[in-house]
Amino acid sequence: MKILVLEDDQETASYIASGLVEEGYVVDIVTDGKEGLKKAIDEVYEVLIVDRMLPSLDGISLVKGLRATNVKTPVLFLSALGEIDHRVEGLQSGGDDYLTKPFAFSELKARVEALRRRPPMSRIETRLRVGDLELDLLTRIVKRGEVCIELQPREFRLLEYLMRNAGQVVTRTMLLEHVWDFYFDPRTSVVDTHISRLRMKINKGFTQQLIHTVRGTGYRMSADA
Amino acid sequence: MRKLLRTASFRLTLFTACLFAVFVITTFVVSYWIAVRYLLERVDGEITWQIQMLAKEYEAGSLNSTNPDLVEPGTYLLLRDGVGRSIVENLPSGASVRQWFQELAPKDLPLDHNSHALRAQAVLLPDGAQLTVGQDLKDLEAAKEFLRQAFGWLLAAILILGLACGAIVSAITLRRVEKINLTVGEIINGHFDRRISLKGTNDEFDRLSRQINLMLEQIEKLMGGLRQVSIDMAHDLRTPLSRMRQKLEGARNRATSLEDYEKAIDQALKQNDEILETFSALLGIAHVGSGAYRQKFHEISLSEIFEVLEETYAPIAEERQQILFTTIQPDLQFHGDSRLITQMLVNLLENAIRHSPPGARISLILSQRLSGVTAVITDTGPGVPESEREKIFQRFYRLETSRTTTGSGLGLSLVSAIADLHGIRISLSDNHPGLRVTLEFPMHNAQSYKKPSTLPIRNNLKQVR
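None of the values given here were measured: they were computed from a predicted structure.

> I keep staring at a nonpolar patch on the surface and nothing clicks. Help me out?
Together, B:Leu12, B:Phe15, B:Leu19, B:Phe20, B:Val22 and B:Phe23 make up a nonpolar patch on the protein surface, roughly 630 Å² of accessible area in all. Structurally, the position occupied by B:Leu12 is in helix α2 (residues 8–60).

> Would you take a moment to explain the pairing of strand β2 (residues 26–30) of chain A for this structure?
Look at any regular strand and the pattern is simple: side chains alternate between the two faces of the sheet. All names here are of chain A. Pairing analysis gives five bridges linking strand β1 (residues 2–6) to β2, with the strands arranged parallel. Following the sheet pairing, Leu-6 is matched in β2 by Val-30. For the segment spanning β1, helix α1 (residues 10–22) and β2, crossover handedness is right-handed.

> Sorry if this is basic, but what is going on with unusual backbone geometry here?
It is generally the case that most residues other than glycine have a negative phi and that most peptide bonds are trans. Looking along the chain, the bond that leaves A:Lys101 and enters A:Pro102 is cis, with omega of -5°. Mapped onto the secondary structure, A:Pro102 falls in the loop between β5 (97–100) and α5 (105–116). In this chain, B:His432 is followed by B:Pro433 through a cis amide linkage whose omega measures -5°. Position of B:Pro433 among the secondary structure elements: in the loop between β11 (425–430) and β12 (435–440). In the Ramachandran plot, A:Asp181 falls in the positive-phi region, its phi being about 65° despite a non-glycine side chain.

> I would appreciate a short explanation of the nonpolar core in the present structure.
What tends to happen in soluble globular proteins is that the nonpolar side chains get buried as a cluster. In terms of nonpolar packing, the biggest core is built from 85 residues, with A:Leu159, A:Leu162, A:Leu175, A:Met221, B:Tyr313, B:Ile341 and B:Met344 touching the most fellow members. In terms of residues, this core owes the most to one element, helix α7 (residues 338–354) of chain B, which gives nine residues. Non-local contacts of A:Leu175, meaning those with residues more than four positions away in its chain, are made with A:Leu158, A:Tyr161, A:Leu162, A:Val170, A:Trp180, A:Val191, A:Ile195 and A:Tyr219. Membership of the second largest hydrophobic core comes to 25 residues, among which are B:Leu40, B:Ala55, B:Tyr58 and B:Leu137.

> Help me out: how do you make sense of a negative patch on the surface in this one?
On the surface, B:Glu259, B:Asp260, B:Glu262 and B:Asp266 cluster together into a negatively charged patch. By secondary structure assignment, the location of B:Asp266 is in helix α5 (residues 258–289).

> Explain the sheet that holds strand β6 (residues 127–130) of chain A here, please?
In a beta sheet, neighbouring strands pair by backbone hydrogen bonds and run either parallel or antiparallel. Residue and element names in this part refer to chain A. On the basis of which strands lie adjacent, the open sheet formed by four strands has the order β6-β7-β8-β9 and antiparallel pairing. Each end of this open sheet is capped by a strand with a single partner; those strands are β6 and β9 (147–149). On average, adjacent strands in this sheet sit at an angle of 25° to one another, irrespective of strand direction.

> Looking at this model, I keep getting lost on the packing of α2(B) against helix α3 (residues 138–188) of chain B. Mind explaining?
All names here are of chain B. Running from N to C, α2 and α3 point in directions that differ by 165°, and their axes come no closer than 9 Å. As judged from the angle between their axes, α2 and α3 are roughly antiparallel. As for the relative orientation of α2 and α3, their crossing is right-handed in sense. Residue composition of the contact of α2 with α3, by class: 24 nonpolar, six polar and two charged.

> Looking at this structure, how should I read empty space enclosed by the protein?
Remark: the empty space left among the atoms is shown by a probe the size of a water molecule rolled over them. All names here are of chain B. The tally for this structure, following the rule as stated, stands at two cavities of 30 Å³ or more. Surrounding the largest cavity, Arg-176, Lys-179, Ile-180, Ile-196, Ser-197, Leu-198, Lys-199 and Ser-209 form its lining. Class assignment for the residues of the lining of the largest cavity results in three nonpolar, two polar and three charged.

> How should I be thinking about the pattern of salt bridges in this particular structure?
A side chain of one charge can pair with a side chain of the opposite charge when the charged atoms of the two come close. Residues and elements named next belong to chain B. One pass over the full model with this rule turns up 35 salt bridges over all chains. The closest approach of N and O atoms between Glu-249 and Arg-245, which form a salt bridge, is 3.3 Å. Separated by four residues within a single helix, Glu-249 and Arg-245 lie in helix α4 (residues 204–254), roughly one turn from each other. The shortest N-O distance in the salt bridge between Arg-389 and Asp-430 comes to 3.9 Å. Here the residue Arg-389 occupies a position in the loop between β10 (372–378) and α8 (411–422), and Asp-430 occupies one in strand β11, the gap between them amounting to 41 residues.

> I'm lost on the interface of chain B and chain A in this one. Help?
Contacts between the two partners involve 27 residues from chain B and, on the opposite side, 24 residues from chain A. Where chain B abuts chain A, roughly 2,300 Å² becomes buried across the two surfaces, and 55% of that area is made up of carbon and sulfur atoms. For the interface between chain B and chain A, the tally reads four salt bridges. Across the pair A:Arg187 and B:Glu277 runs a salt bridge, and its minimum N-O distance is 2.9 Å. Taken together, the links from chain B to chain A amount to eleven residue pairs in polar contact (both at pLDDT 80 or more).

> I keep staring at the side chain of A:Thr193 and nothing clicks. Help me out?
Structurally, A:Thr193 is set in helix α8 (residues 190–203). Other than its neighbours up to four places away in sequence, A:Thr193 contacts B:Pro315, B:Ile316 and B:Glu319.

> Whenever I open this one, the packing of helix α2 (residues 33–42) of chain A against helix α3 (residues 59–68) of chain A confuses me. Can you help?
Two packed helices can be described by the angle between their axes and the distance between those axes. Residues and elements named next belong to chain A. One way to put it is that α2 packs onto α3 with a least axis distance of 10 Å and a crossing angle of 25°. In terms of orientation, α2 and α3 fall into the roughly parallel class. Crossing handedness for the pair α2 and α3: right-handed. Residue-level contacts link Gly-33, Gly-36, Leu-37, Ala-40 and Ile-41 of α2 to Leu-62, Gly-65 and Leu-66 of α3. The residue makeup of the contact of α2 with α3, split by class, is five nonpolar, three polar and no charged.

> Is there a simple way to explain the packing of aromatic side chains in this structure?
To describe a pair of aromatic rings, you give the distance between the ring centres and the angle between the ring planes. Enumeration over the complete set of coordinates arrives at eight aromatic pairs over all chains. An angle of 45° between the planes, with centres 6.0 Å apart, marks the rings of A:Phe77 and A:Tyr98 as tilted. Here the residue A:Phe77 occupies a position in strand β4 (residues 75–79), and A:Tyr98 occupies one in strand β5, the gap between them amounting to 21 residues. For the ring pair B:Phe334 and B:Phe441, a centre distance of 5.0 Å and an interplane angle of 75° mean the geometry is edge-to-face. Taken as a pair, B:Phe334 in strand β8 (residues 333–336) and B:Phe441 in the loop between β12 and α9 (454–464) lie far apart in primary sequence, 107 residues in all.

> I keep staring at helix α4 (residues 84–92) of chain A and nothing clicks. Help me out?
Every α-helical turn comprises 3.6 residues, leaving residues that sit three or four positions apart pointing alike. Taken together, the buried positions of α4(A) are A:Ile84, A:Asp85, A:His86, A:Arg87 and A:Gly90. Here the buried face of α4(A) lies against α3, β4, β5 and α7 (172–180) of chain A together with α5 and α7 of chain B. Just beyond α4(A), the residue with positive phi is A:Gly94, at close to 120°.

> Could you clarify how one ought to interpret the sheet that holds β12(B) in this entry?
Residues and elements named next belong to chain B. An order of β7-β9-β10-β12-β11 is seen for the five strands of this open sheet, with the pairing classed as mixed. Whereas interior strands pair on both sides, the edge strands pair on one side only; in this sheet they are β7 (323–328) and β11. On average, adjacent strands in this sheet sit at an angle of 15° to one another, irrespective of strand direction. Taken together, the six bridges between β11 and β12 define a ladder with antiparallel strand orientation. Bridge pairing in β12 links Asp-430 to Leu-435.

> Please clarify how the pairing of strand β11 (residues 211–214) of chain A should be interpreted in this entry.
Bridging between β11(A) and strand β12 (residues 218–221) of chain A involves four bridges; their strand directions are antiparallel. Residue pairing across strands places A:Val214 opposite A:Gly218, the latter belonging to β12(A).

Cut-off values and rules
- Residues numbered from 1 in each chain as written.
- Chains lettered and ligands numbered in written order.
- Predicted model: local features only at pLDDT ≥ 70, side-chain atom pairs only at ≥ 80, totals over all residues.
- Heavy atoms only, no water.
- Patch = residues over 30% accessible without salt bridge, like charges linked within 9 Å, V, L, I, M, F, W, Y side chains within 5 Å.
- Areas by Shrake-Rupley, 256 points an atom, 1.4 Å probe, with all protein chains shown as cover.
- Salt bridge = Lys/Arg side-chain N within 4 Å of Asp/Glu carboxyl O.
- Helix = DSSP H or I, 4+ residues; strand = E, 2+ residues; numbered from the N terminus.
- Pairing = 2+ DSSP bridges.
- Right-handed = clockwise from strand over helix to strand, strands pointing away.
- Core = buried A, V, L, I, M, F, W, Y, C linked by side-chain atoms within 4.5 Å.
- Buried < 20%, exposed > 50% of the residue type's maximum accessible area, 1.4 Å probe, protein only.
- Contact = heavy atoms within 4.5 Å.
- Lys, Arg positive; Asp, Glu negative; His and termini not counted.
- Charge placed at Lys NZ, Arg CZ, Asp CG, Glu CD.
- Axes fitted to C-alpha atoms, helices over the stretch in contact; angles between N-to-C directions.
- Parallel < 35°, antiparallel > 145°, perpendicular 65-115°, else oblique.
- Left-handed = near helix turned anticlockwise from the far one by under 90°.
- Nonpolar A, V, L, I, M, F, W, Y, C, P; charged D, E, K, R; others polar.
- 1 Å grid on protein atoms, 1.4 Å probe; cavity = no way out; pocket = protein on both sides within 12 Å on 5 of 7 lines; lining within 4 Å.
- Points joined across faces, edges and corners; volume = space filled by probe spheres on them.
- Buried area = accessible area lost by both parts, 1.4 Å probe.
- Polar contact = N/O pair within 3.5 Å; in protein donor to acceptor, adjacent residues only side chain to side chain.
- Phe/Tyr/Trp six-rings, centres within 6.5 Å; stacked < 30°, edge-to-face > 60°.

Below, the structure written as structure tokens:
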């Protein structure tokens, strides 16, 4: 449960660290790029949180260097540069997720958890299951118990993402980015509307709720209440 | 004076004057040479004529030392008979003259204290006597001296005239440059309304002044725009900030329970997020405006983007008891950034949905027309008055009717920035009722990017060979 935070702004670093410590993580903070790269290579971390702008070595170069030495620790970029092309640059350098400052802590937490649980690349799942709900990625058939559920392509992607991250909170922003490829905040309730339609479809004839609303943050899919 | 010396026009004039001097010197050298040659030829002609005349006299026997009249002043004569005895002589016998014209320096001629150079020729007469005739070069020397002096004066006059012209020309031009300088100085000191006065001659200075004036107007306009945006921004940010302050102050004074505090903090956070959103929207617009995205343009499917929009927004319209109609022609391509295009379309579509009442009909059309691909988004909402249609793309501009809804007033500015980046033309018109937004995608957009692809192919061919 060790996380390395590479952030040169003391206040942001301690804000992230104190929140993560509260969640039960062990957090190391490094403020210098080169030192951070060394630490990330030498020690074992579950997730790296990397600010894009660091003294002595910027975040992008740091992650490139890290990937070049075959360290596969998931990287979450933090940056004040939030434009799409900056994000793309971050992900192309070997980062796994990108979060723009300012951010809500719940957003950071959800993303760190999603990164921690990310399955290794080699294990490609073809069938996702939560409770009695089953989603087949090859045939694209969704079943709850024995009942087939008809979903539209976008709803299928939404359900797939929720099921891949079953048990953990996914934020609205995460859903917008991964399901819709929207890197901005729509002014209408895109996520909520589609979640409620999806809920209606998968709950039809069933009493057990599978998609839970996490107040103020997002949603969580799980078979338990 | 030092300033004058440093001006470009003066230096140019000085250079021209020097060049003129070089021309004059060359001309002088050539004409001097020609003149001297001409004079020498005349002297030589005289000598030849004298020799002929004296030879005749000698043959007639009338040439002897007792007949001095034969020798004109400035002419020198030496006659020796076959055995070397001199018969007539006023030329020193020591001077040996060959048969060709030859110049004798004054030092060889001790007889004449005026000591001018002498030009002489010797001939052998039929009876073996030798006749030498010399001609004084006094006149030639005088002519030479005269030419040299005349040239000196001429050169001096040309140099003085050239320099004077330079001084006058640069003083005149300097005065106009100085005037421009003065005006610019005033503008720097804050008198932004000052302009450089024109002479009306339409010369280079007038044209320069006009260009500067145009530039100043452009700058003033931009500054005005910037000032307006700053003011608008300050206004727009003051509202959520003061609301936040009220909430916090209210909580400080009146909150009694943890719940009250939490509520106040939640509200403050909401206001804070609104401010941050405004800033990121501004940054986003600025970033799109910088053109940094253009390098990452590629072929995208507009039809697919529209299909995603349909799928995403039909339920949202439905939730608001509105109907979303779509007509999407398949396989329409465009060269651009798909995420930006999506964001632009989402903004426009959400505007249509948000500003229309329940029961409204929203339509989304993508089609290929003769002029290129066209997208149309219409609603049956309140629409936008014609007088406001231009303004709604300005930053922070909001229709009075929409002041109450949330939003930064930057959405359409972003739309306009993205459209500009892609060369898309946006026009607003009346939908009777409601608003009709038409987007015309440029046709040639993709082609201009295809050219570079021929290069790698050529390289491949070379490698194959």
